[in-house]
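Observations on the three-dimensional arrangement
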Amino acid sequence: MYFGSIAQYVAIAQSDSIVFENEDNYQKQTYRNRMYIYGANGKLLLTIPIKHTGKQGRQLYKDVRIENDFKWQALHWKSLETAYRTSPFFEYYEEEFVHLFEKKKEFLLDFNYECIQAVFDCLQLETNFTKTIEYIKTPQEINDKRELINAKKEKPYTLESYIQVFTEKHSFIPNLSILDLLFNEGTNALNYLENQAIF
């Protein structure tokens, strides 16, 4: 996931170990290449452009390349700065994330793992994770939460409110990018995640 939503991190923070899906087909309109942040006008979508192969049929997620003909990284970082510069913890975490937007990346999956690792570091989250080596449609002996990647068909989650930068303008917007929680709640973010119920 591109940083990941708060609901995804609730699942991660409340698990002893995680298995990330590496072997499935890429699907559009998922959190793999998009995140939602809280902009001055409300919920704002940031999407990483990807290269389309032009071939018929599906493409494996691990083979998806980022389209770097657009200056999407500069645009996304500028959007994050504009949205969160005045939040309590933006400057505290800024150095953990800015480098992700300064160098071109080739593969979406690799970039997403860099984003996840940066979030894990900021949360001081020590959850172990592994990666799948084959696609299994119905895994046994594992709590399958792959539906959390779907942005389009997302279930509404009841998450506790916290103070967001533009709360007075548009009220609380739940389940945005984990970055919204980090920049607004800072060192309390992990405690927040551990105390939510999404299942």
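Before reading on, note that the structure itself is shown above.
Figured I'd write up the structure that's included with this text. Since the structure is predicted, the reported quantities are computational estimates derived from the model, not experimental observations. In this convention, every chain numbers its residues from 1, walking through the sequence in written order. Side-chain atom pairs in this predicted model are given and counted only at pLDDT of 80 or more, local residue features only at pLDDT of at least 70, and totals for whole chains, interfaces and linings cover all residues. Side-chain numbers come from the whole structure's heavy atoms, not from hydrogens or water.

Let's talk about the overall build of the protein chain
- Helix and strand labels come from DSSP, where a helix needs a run of H or I of at least four residues and a strand needs a run of E of at least two; each type is numbered from the N terminus. Helix and strand counts for the protein chain stand at 7 helices and 4 strands.
- In the protein chain, the order of α-helices and β-strands from amino to carboxyl end is α-β-β-β-α-α-α-β-α-α-α.
- Here the radius of gyration uses the C-alpha set of atoms, whereas the globule reference equals 2.2 Å times the residue count to the power 0.38. Relative to its length of 199 residues, the protein chain is compact, with a C-alpha radius of gyration of 16 Å against a globular reference of 16 Å.
- Counting only C-alpha atoms, the protein chain reaches 45 × 40 × 30 Å along its principal axes.
- Think of it in three bands: with a 1.4 Å probe and only protein chains considered, a residue is buried below 20% of the maximum accessible area for its type, exposed above 50%, and partly exposed in between. Counting all 199 residues of the protein chain, 50% fall into the buried class.
- Considering only residue pairs separated by 6 or more positions, the protein chain has 72% of its internal contacts joining residues 24 or more positions apart.
- In short, Shrake-Rupley with a 1.4 Å probe defines the accessible areas, and a residue's cover is counted only from the protein chains shown. As displayed, the protein chain has an accessible area near 11100 Å², and 47% of this comes from carbon and sulfur atoms. In this analysis, two residues are considered to be in contact whenever any of their non-hydrogen atoms come within 4.5 Å of each other.

A word on the packing of aromatic side chains
- For Phe, Tyr and Trp, where Trp contributes only its six-membered ring, two rings pair if their centres lie within 6.5 Å, and the inter-plane angle classes them as stacked under 30 degrees, edge-to-face over 60, or tilted in between. Per the stated rule, a full pass over the model turns up 23 aromatic pairs.
- Judged by centre distance (5.6 Å) and plane angle (80 degrees), the rings of Phe3 and Phe97 are edge-to-face. Placement of the pair is Phe3 in the segment before helix H1 (6-13) and Phe97 in helix H3 (residues 90-97), with a sequence separation of 94 residues.
- Judged by relative accessible area, which is 0%, Phe3 ranks as buried.
- Looking at Phe97, the relative accessible area reads 1%, which means it is buried.
- Here a set of aromatic residues connected by ring pairs shows up, and it is made of Tyr2, Phe3, Trp72, Trp77, Tyr84, Phe90, Phe97, Phe101, Phe111 and Phe183.

Take it as geometry only, folks, not as evidence of what the structure does.
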